[in-house]
Amino acid sequence: MQTLTDLPNIGLTLAQKLEQVSIRTPQQLIETGSENALIRISALENSGVCINMLYALEGAIEGVRWHGLSTEKKEKLKEFYQMFTNA
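Residues numbered from 1 in each chain as written. Predicted model: local features only at pLDDT ≥ 70, side-chain atom pairs only at ≥ 80, totals over all residues. Heavy atoms only, no water.

### Brief notes about the overall build of the chain
Then comes step 1: Scanning the chain from terminus to terminus reveals 5 helices and 0 strands.
Then comes step 2: Secondary structure elements of the chain occur, N-terminal to C-terminal, as α-α-α-α-α.
Then comes step 3: In terms of principal-axis extent, the alpha carbons of the chain reach across some 35 × 30 × 20 Å.
Then comes step 4: Per-residue burial for the chain yields a buried fraction of 38% across its 87 residues.
Then comes step 5: Across the chain, contacts joining residues at least 24 apart in sequence account for 46% of those joining residues at least 6 apart.
Then comes step 6: If you average the places of the 8 positive and of the 10 negative side-chain charges in the chain, the two averages end up 3 Å apart. (Helix = DSSP H or I, 4+ residues; strand = E, 2+ residues; numbered from the N terminus. Buried < 20%, exposed > 50% of the residue type's maximum accessible area, 1.4 Å probe, protein only. Contact = heavy atoms within 4.5 Å. Lys, Arg positive; Asp, Glu negative; His and termini not counted. Charge placed at Lys NZ, Arg CZ, Asp CG, Glu CD.)

### A closer look at the side chain of E58
Then comes step 1: Position of E58 relative to the elements: it lies in helix α4 (residues 51-62).
Then comes step 2: In this structure the side chain of E58 is engaged in a polar contact, spanning 2.7 Å, whose partner is the side chain of S34.
Then comes step 3: Beyond its immediate sequence surroundings of up to four residues, E58 is in contact with S34, L69, K73 and L77. (Polar contact = N/O pair within 3.5 Å; in protein donor to acceptor, adjacent residues only side chain to side chain.)

### A few points about the pattern of salt bridges
In a structure, side chains of opposite charge can pair up when their charged atoms sit close to one another.
Then comes step 1: Going through the model one piece at a time under the given rule, you end up with 2 salt bridges.
Then comes step 2: Between K73 and E58 there is a salt bridge whose closest N-O contact spans 3.6 Å. Note that K73 is positioned in helix α5 (residues 71-86) and E58 in helix α4, a separation of 15 residues in sequence.
Then comes step 3: The partner of K73 in a salt bridge is E62, with the nearest N and O atoms 3.9 Å apart. On the criterion of sequence distance, the pair formed by K73 in helix α5 and E62 in helix α4 is long-range, its members being 11 residues apart.
Then comes step 4: Taking the relative accessible area as the measure of exposure, K73 reaches 23% and is therefore partly exposed.
Then comes step 5: For E62, a relative accessible area of 39% gives the class partly exposed.
Then comes step 6: Each member of the salt-bridge network shares a partner with another, and the members are E58, E62 and K73. (Salt bridge = Lys/Arg side-chain N within 4 Å of Asp/Glu carboxyl O.)

Now the structure itself:
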């Protein structure tokens, strides 16, 4: 079975944050989605959420380094992040 750290962009620190919010497998991350995963992580003390974390989560779901996300996908994520941080 694949672990979270087997996914692109997911290092030990981000994997630990995901596990703290009950996302323990790649499949659970896919089912949760990058935006909902970020919302859940943001509830942690010293969560460190940022736009790059959102990109990293989406890239992990898509199986690519976050730099490889399409411009359209990055714009959509950026819009979500701006709404989320201004809420």
